[in-house]
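One-letter residues, chain by chain:
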Amino acid sequence: ASSPPRSPLKVVAAASSSSPGGKLAVSSPPRTYRSFSSSSTSSRSWPSPTSKTSTKQKALKDDLERRLMDRYERFPLFHGTQEHVIPKIIQQGFNRSFCGKNATLYGRGTYFARDASYSVSKAYSRPSQEGLQYIFACRVLVGEYCRGRNDMVAPDERDAESHLLFDSTVDSLHHPSIFVTYHDAQAYPEYLIVFAEDFSNE
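Described in the following lines is the structure provided in the data block. (Residues numbered from 1 in each chain as written. Predicted model: local features only at pLDDT ≥ 70, side-chain atom pairs only at ≥ 80, totals over all residues. Heavy atoms only, no water.)

1. Re the nonpolar core
Core analysis: the biggest nonpolar cluster contains 16 residues, and L77, I86, F94, F112, F136, C138 and V140 have the highest contact counts within it. Mapped by element, the contributors of at least two residues to this core are α3 (86-92), β3 (132-141) and β9 (187-196). Top contributing element to this core by residue count: β3, with 4 residues. Residues contacting F136, with those up to four places away along its chain left out, are L77, F78, H79, T81, I86, I89, I90, F94, P189, Y191 and L192. In this structure, Y106, A113, I178 and V180 belong to the second largest nonpolar core, which totals 7 residues. (Core = buried A, V, L, I, M, F, W, Y, C linked by side-chain atoms within 4.5 Å. Buried < 20%, exposed > 50% of the residue type's maximum accessible area, 1.4 Å probe, protein only. Helix = DSSP H or I, 4+ residues; strand = E, 2+ residues; numbered from the N terminus. Contact = heavy atoms within 4.5 Å.)

2. A closer look at the packing of aromatic side chains
One pass over the structure, following the stated rule, counts 5 aromatic pairs. For the ring pair F94 and F112, a centre distance of 5.1 Å and an interplane angle of 80 degrees mean the geometry is edge-to-face. In this pair, F94 is assigned in the loop between α3 and β2 (110-113) and F112 in strand β2, connecting sequence segments 18 residues apart. F94 sits in the buried class, given a relative accessible area of 4%. Classification of F112 as buried rests on a relative accessible area of 1%. Ring centres of Y118 and Y124 lie 5.1 Å apart, and the angle between their planes is 20 degrees; this geometry places the pair in the stacked category. (Phe/Tyr/Trp six-rings, centres within 6.5 Å; stacked < 30°, edge-to-face > 60°.)

Spelled out as structure tokens, the structure:
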């Protein structure tokens, strides 16, 4: 099967509700210093910033950042839609004001599915007059998530002392297949998939 058509949009950085600027900050490991007398350090050779040790630390830091992004960012997640809504999503992104038209079982946010088979349902991807259906393949910053409940307007608190909320809600904590976001900048519509049912064998 051919690759889905590329969206006319360019990829932009999605802002995260839990980190400034939408980037996950990873701190370098703390350094431990010891004091030496001048006589004990006079002949010591100290590693330069470009040494193998520094290169290894950078590789470990890059690997940690990649694993964090794999955990907090999901691609692809799918979102079924209707033909007349497509230009609005392309121009404005996903707007939570449209939520509740199809389901609010896991919260009143924007819904994304792990499996395309869920989003192709005609309840979410309603056919056009020509019989075409539309789903977006999206890059979604799911962050830290909690179990969703019917009609909840925001995720639960994950830190009662600071009132910090979870970033999204899901249908299952262990094997989530539905993700619900509550900030419009959490999702980017990267591909638009257009398809139709095949009646040739009927």
